[in-house]
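What the coordinates show
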Amino acid sequence: MSDFLLELRCEEIPARMQKGARADLEKLFRSELSAAGVTPGEIVVWSTPRRLALIARDLPEQTEAVSEEAKGPPEGAPDQAIDGFCRKNGVTRDQLELRDVKGRATYFAVKNIPGRAVKDVLAEAIPAVIRAFPWPKSMRWGAASLSSESGRWVRPLSGILALFGDDLVECEVHGVTSGLVTAGHRFHHSGDITIGHVDNYQEKLRACHVIVDHAEREALIRDKAQSAARNAGLVLVEDEGLVVENAGLTEWPVPLLGRFDEAFLEVPPEVIQLSARTNQKYFICNDASGNLANAFICTANIEAADGGAAIVAGNEKVLAARLADARFFWDVDRKKSLAEHAEGLKRITFHEKLGTVADKVERVAKLARWLVEQDIVKGADAQQAEQAARLSKADLVTEMVGEFPELQGLIGGYYAAAEGLPEAVSDAIRDHYKPVGQGDDVPSAPVTIAVSLADKLDTLVGFFQIDEKPTGSKDPFALRRAAIGILSLILENDLRAFMFDLITAAAHPGKTSEAGREIASFLIERLKVQQRDANIRHDMVDAVVAVEQGGDNVRMVKRIAALQAFIGSEDGANLLAGYKRAANILKKEDWHGEEGEISRTGEEDPLAMVDDPDLAPVIRAKMDERHLEDLSYEPDDAEKALMEALSKAEPRAAAAVAAEDFEGAMAALASLRAPIDDFFENVTVNADDPAKRAARLSLLDRFRAAVHNVADFSKIDG
Amino acid sequence: MILALHNYWSEQGCVILQPYDMRVGAGTFHTATTLRALGPEPWNAAFVQPCRRPTDGRYGENPNRLQHYYQYQVILKPSPPDLQDLYLKSLEVIGIDPLKHDIRFVEDDWESPTLGAWGLGWEVWCDGMEVTQFTYFQQMGGYDCKPVAGELTYGLERLAMYIQNVDNVYDLDFNGRGVSYGDVFLENEKQMSKWNFEVANTDALFDLFGKAEAECQNALQANVPIAAYEQAIEASHIFNLLQARGVISVQERASYMGRVRDLARGSCEAYMAKEKDRWISAYPEWQA
């Protein structure tokens, strides 16, 4: 058993790719070994910006010998066939063996593949791994790139260290020949470092200012950044993404604390954080009371002789320049009111068929006001909703958002607050983009809800009206996200409205209104996706959508949840089975009601004249009760019991549905379970007597209708 | 600083060239970069290129944004194996000690849709400041670079600010005898910002764009691709001016960019076609 060390050196690997590269290296290496029948012990993979390293423990020296055999043609087969078999298996005719197969002598080719030196396996595996490496972006380089066949790597590949036990594993790939040397830190060490044993690798590199284990560098950055902040009496704002990124940019990380002018703190803290984090990869710090402090922590890659004074000074200057820019924007932008900035939106096209951003804002303002006035969004001031909507996009034309686009909304909120606008308005401007995707905070402040919902409805409906719908993986206008946002706003805030009313209100004048139905079904699809995360089955959604009119999402979701809980119960599962059986029989018998049905529900019956949908089941139960007396035969007990159960359950379910007591409606259905089971157990539907058969099919039809009043069970799987 | 870089890169075998005498947005537009990146022949050159970016004008009020500034560009084809080391030595030559200052290679890939070009590389940081763009060209004019060229673009003003330790570009010492960058360029920035943003006659610019486009086609038909490429550069700059004047809408923008790209690509294509036979006879293993 020996250990194996592989190090692939190259020019700086982007930090964001290193984690994936470590996983890919291990995966490809394992698959090469397993193809050769070698099972490694523990495997460790490390990365720095300039190298990927892999250590595999306890590899055997030799692979196992294997014997493979192939069955060929029987004895006496044409020569052609036998020769062909030999060629295929790479053996000569005299090497074939004859064996008895079910009484026939048959040729067999037996190949004994001897064990191979694992060193040779490795020598083939290394180039194979390198050639197959799935970098997200790779490149060609150097003189060899004259040919388009030249090798690819993330950046130019510069060296391969391959050591198995005490031996070099010789190989060559992309013009690089393997060796036993590695390189130390780019600036702290020059010349080759020879590695004689796997176990010396990590420590020899450390002596040359390279911490090869990325996890160790990450821990070091975490600790040293924290202590640098603590020593200055501050608290580090922890940021694991930055820890990993800085570890991916350094071989010898040295966190250093720098300062910036306190005067910059008047700029919104998010702007400072963004400047520091995104552009410079600095950590930021809070003071003891939790406010942003005028300090940052950068992570250098050298141990400078002056303790990093020059480095800190340089970084301070860079950050100061960025913050000076930001403060310049902050000052310039506030010279105009948001309303004045909003004038600039007239020059920005939202979409060529949907007008300018100013046009959009105008529509959103009207819609936001409407949502409040219709009492769909409760507790908001209509005037404020309209005002917030009108100003909501004004920050898009400010210098600050031009520089930091990811701060849209937030900056508008700051400027609104600085102008002295009501808090509800500035909060709405700040948060109206939310929720951005699933999992984001859903606004709960009434004015914000109105603006956010109006904005998203306008986008969704507008793009559908100009036929710019998402297709497959393409959703350039993020309409799926808008739809999810709309649903979250409605459901989390209990907004009661029919989807069709919202879509109609948001419809752009002068554009086709045909899109309404498509939008509604698009929203239902999104609802399924959204509910899936709450473990709600899509067929439950279908079963409820089929019986809900208008699409009040809050009501639907309650009903869906109750339905799924019911179907999950024993009563529910049995009732579903009973329903399916009834529906199958009705389908098989092609039952559409008996002759004279019209007279039972027709105009002659005064009760049938009442057209209140909530009363319908009640009336039906009453009428059925009356007609029970009309039966020409004495019903069986189970038949009678089902009739009675239906007469009780129908009005109960109807009343519960009307009161949105869906658990109650399910309970009413549950009361039908025993009677329907008994019915199927004891009553012959397909009776010889046509009157009996008709009456019993009618009864099943009635049962099906009763169930449908709660949910369309035919849509439910199982 | 420029002299130190010239000396250094000259020692490394680079041809020292003068700036291209046309208005361009970046050193990459120099024919010594764009056209010479095509084809199999080795090519090593270094030069200063003044760059004009009309929309970056700030009327001389911003300490580090200019509509006219200087790049130092080095192109080495094929990219040598020790390009990073050569580059780092050039920093030492102009006075940056890598054991005192934190030099880092941070991922930054380069793409120029107008040139149909892209490459992988880094922005080089010195104590957190980007001082150089370091790129391995992979495609130019829509063609794979065979072989790949390495391109280094130093931001001269930034480096000078760093070395002289000044916060405002206009405070840079230009000659060691009291002439500052501001003395030389401040008035130029003010006037050119005004012209770029407010004054330039847009009808005339649209007209010039059309004429450059037509002349490019004319040159292509006469099989003089270098002349055609010059017209592509001209059209590109006029497009930038029109942008600064704010008269190109978002939708039109894509279409104008497409037109410039077609000119640039057409020129590269014609350049390739013209040189192809010669290249193939000298480098039989090379294919377009």
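Residues numbered from 1 in each chain as written. Chains lettered and ligands numbered in written order. Predicted model: local features only at pLDDT ≥ 70, side-chain atom pairs only at ≥ 80, totals over all residues. Heavy atoms only, no water.

**Thoughts on the pairing of strand S1 (residues 2-10) of chain A**
Residue and element names in this part refer to chain A. How we decide: Working definition: with a 1.4 Å probe on protein chains only, accessible area under 20% of the residue-type maximum means buried, over 50% means exposed, and in between means partly exposed. Put simply, DSSP marks the helices as runs of H or I at least four residues long and the strands as runs of E at least two long, and each gets a number from the N terminus on. Here, a strand pair is defined by DSSP locating no fewer than two bridges between the strands.
Of all the 9 residues making up S1, 9 are buried; the element is thus mostly covered by neighbouring parts of the structure. Neither face of S1 is exposed, since Ser 2, Phe 4, Leu 6, Leu 8 and Cys 10 on one face and Asp 3, Leu 5, Glu 7 and Arg 9 on the opposite face are all buried. In this structure, S1 lies alongside strand S3 (residues 51-59), joined through 7 bridges in antiparallel fashion. Along S3, the bridge assignment pairs Arg 9 with Arg 51.

**Describing unusual backbone geometry**
Leaving glycine out, the prevailing phi sign among residues is negative, and the prevailing peptide bond configuration is trans. All names here are of chain B. A cis geometry characterises the amide bond from Lys 77 onward to Pro 78, with omega recorded as -5°. With respect to the helices and strands, the residue Pro 78 is situated in the loop between strand S3 (68-77) and helix H2 (83-93). The omega angle of the peptide bond from Lys 146 to Pro 147 is 5°, so this bond is cis rather than trans. Position of Pro 147 relative to the elements: it lies in the loop between strand S8 (143-144) and strand S9 (150-155). With a phi angle near 50°, Asp 127 is a residue other than glycine that sits in the positive phi range.

**Comments concerning the confidence of the model for chain A**
Short version of the rule: Per-residue confidence from the predictor is given as pLDDT, running between 0 and 100. We call two residues in contact when some of their heavy atoms are within 4.5 Å.
Taken as a whole, chain A shows an average pLDDT of 89; of its residues, 94% reach a score of 70 or greater. Between residues 595-609 of chain A, whose pLDDT stays under 50, and residues either more than four places distant or in other chains, the model counts 17 contacts.

**A word on helix H1 (residues 18-35) of chain A**
Residue and element names in this part refer to chain A. Quick note on the threshold: What a helix should span is 1.5 Å times the count of its residues minus one. Think of the arc as the fan of directions from the helix axis to the C-beta atoms.
The end-to-end C-alpha separation of H1 is 26 Å, in line with the 26 Å expected for 18 residues at 1.5 Å each. Restricting attention to buried positions, one finds in H1 the residues Gln 18, Ala 21, Arg 22, Asp 24, Leu 25, Leu 28, Phe 29 and Leu 33. For H1, the angular spread of buried residues about the axis comes to 170°, placing them on one side. Turned more than 90 degrees away from the buried face of H1 sit Lys 19, Lys 27, Ser 34 and Ala 35, all of them exposed. In this structure, the buried side of H1 is in contact with S1, strand S2 (43-48), S3, helix H3 (118-132) and helix H5 (214-231).

**Section: the sheet that holds strand S5 (residues 97-101) of chain A**
Residues and elements named next belong to chain A. Rule in force here: Each axis is a line fitted through C-alpha atoms, taken for helices only over the stretch in contact, and angles between the N-to-C directions span 0 to 180 degrees.
The strand order S4-S6-S5 describes an open sheet built from 3 strands, whose pairing is antiparallel. One side of each edge strand has no neighbouring strand; the edge strands of this open sheet are strand S4 (66-74) and S5. Adjacent strand axes in the sheet meet at a mean angle of 40°, parallel and antiparallel pairs treated alike. Of the strand pairs in this sheet, S4 and strand S6 (residues 104-113) are connected by 7 bridges, and their pairing is antiparallel. Counted as the bridge partner of Glu 68 is Lys 111 from S6. In this fold helix H2 (residues 79-89) packs onto S4 and S6, with an angle of close to 165° to the strand it touches most, S4.

**Looking at the domain arrangement of chain A**
Residue and element names in this part refer to chain A. Condition: These domain limits were set by an automatic method or by a database of domain assignments. Each of two parts loses accessible area, computed with a 1.4 Å probe, when they are put together; buried area is these two losses added. What makes a salt bridge here is a side-chain nitrogen of Lys or Arg within 4 Å of a carboxyl oxygen of Asp or Glu, nothing more. Each polar contact in these results corresponds to two N or O atoms within 3.5 Å; when the atoms are within protein, one needs to be able to donate a hydrogen and the other to accept it, and residues that are neighboring in sequence are counted only if both atoms are side-chain atoms.
With domains assigned, chain A is organised as domain 1 (2-62 + 117-208), domain 2 (66-113), domain 3 (214-334), domain 4 (350-534) and domain 5 (564-594 + 614-715). Residue-level contacts link 14 residues of domain 3 with 12 residues of domain 4. With both chains or domains summed, domain 3 and domain 4 bury close to 1200 Å², and 77% of this area falls on carbon and sulfur atoms. When the buried surface of domain 3 facing domain 4 is broken down by residue, Leu 274, Phe 329 and Asp 333 rank first, second and third, together holding 43% of it. Linking domain 3 with domain 4 are 0 salt bridges. On the surface where domain 3 and domain 4 come into contact, there are 4 residue pairs in polar contact (both at pLDDT 80 or more). Counting only elements with at least two residues in the side of domain 3 that touches domain 4, the list comes to helix H7 (269-279) and helix H8 (309-333).

**Structural notes on the packing of helix H21 (residues 570-588) of chain A against helix H26 (residues 673-682) of chain A**
Residue and element names in this part refer to chain A. Operational definition: Our angle categories are set so that under 35 degrees counts as roughly parallel, over 145 as roughly antiparallel, 65 to 115 as roughly perpendicular, and the remainder as oblique. Whether a crossing is left-handed or right-handed is set by the direction in which the near helix is turned from the far one by less than a right angle, anticlockwise for left-handed and clockwise for right-handed. When residues are sorted by character, Ala, Val, Leu, Ile, Met, Phe, Trp, Tyr, Cys and Pro go into the nonpolar class, Asp, Glu, Lys and Arg into the charged class, and all the rest, Gly among them, into the polar class.
Put simply, H21 and H26 touch, their axes get as near as 9 Å, and they point 45° apart. The angle between the axes of H21 and H26 places the two elements in the oblique class. As for the relative orientation of H21 and H26, their crossing is left-handed in sense. Only Arg 673, Ile 676, Asp 677 and Phe 680 of H26 make contact with H21, whose side of the interface consists of Glu 570, Asp 571, Asn 574, Leu 575, Gly 578, Arg 581, Ala 582 and Ile 585. Tallied by class, the residues present in the contact of H21 with H26 amount to 5 nonpolar, 2 polar and 5 charged.

**Observations regarding the sheet that holds strand S14 (residues 254-259) of chain A**
All names here are of chain A. What the 4 strands build is an open sheet, ordered S13-S15-S16-S14; its pairing is antiparallel. At either margin of the open sheet sits one strand with a lone partner, and together these are strand S13 (235-236) and S14. Note that strand S15 (residues 283-286) and strand S16 (residues 292-300) share 3 bridges and pair antiparallel. Of the residues in S16, the one forming a bridge with Phe 283 is Ile 297. H5 contacts S13, S14, S15 and S16 of the sheet and is inclined by roughly 30° relative to S14. H8 contacts S14 and S16 of the sheet and is inclined by roughly 55° relative to S14.

**Focus on the confidence of the model for chain B**
Across chain B, pLDDT averages 93, with 99% of residues at or above 70. Reported confidence for the predicted complex is 0.93 by ipTM and 0.77 by pTM.

**Comments concerning the pairing of strand S4 (residues 103-107) of chain B**
Residue and element names in this part refer to chain B. Within S4, 4 of the 5 residues are buried, which leaves it mostly tucked inside the rest of the structure. The pairing of S4 with strand S6 (residues 117-126) spans 5 bridges and is classified as antiparallel. Among the inter-strand pairings, Phe 105 is bridged to a residue of S6, identified as Val 124.

**Quick look at the side chain of Arg 559 of chain A**
All names here are of chain A. Mapped onto the secondary structure, Arg 559 falls in helix H20 (residues 553-568). A relative accessible area of 2% means that Arg 559 is categorised as buried. Beyond its immediate stretch of four places on either side in the chain, Arg 559 contacts Val 544, Val 547, Glu 548, Val 657, Phe 662, Met 666, Asn 709 and Val 710.

**Quick word on a nonpolar patch on the surface**
Residue and element names in this part refer to chain B. Keep this limit in mind: Like charges are joined within 9 Å and nonpolar side chains (Val, Leu, Ile, Met, Phe, Trp, Tyr) within 5 Å, but only among residues with over 30% relative accessible area and no salt bridge; these make up the patches. Accessible surface area values rest on a Shrake-Rupley calculation with a 1.4 Å probe, where residue burial reflects the displayed protein chains alone.
Side chains of Phe 174, Val 179 and Val 184 sit close together on the surface and give an oily, nonpolar patch of about 230 Å² of accessible area. Mapped onto the elements, Val 179 comes out in the loop between helix H3 (156-164) and helix H4 (181-199). Look at Val 179 and you get partly exposed, because its relative accessible area is 31%.

**Regarding the interface of chain A and chain B**
Every contact between the two is made by 46 residues of chain A and, on the other side, 45 residues of chain B. The tally of links from chain A across to chain B stands at 5 salt bridges. When the shortest N-O distance is used, the salt bridge between Glu 403 of chain A and Arg 65 of chain B registers 3.3 Å. The interface formed by chain A and chain B holds 20 residue pairs in polar contact (both at pLDDT 80 or more) in total. Broken down by secondary-structure element, the contributors of at least two residues to the side of chain A that touches chain B are S16 and H8 of chain A. With 8 residues, H8 of chain A is the single largest residue contributor to the side of chain A that touches chain B.

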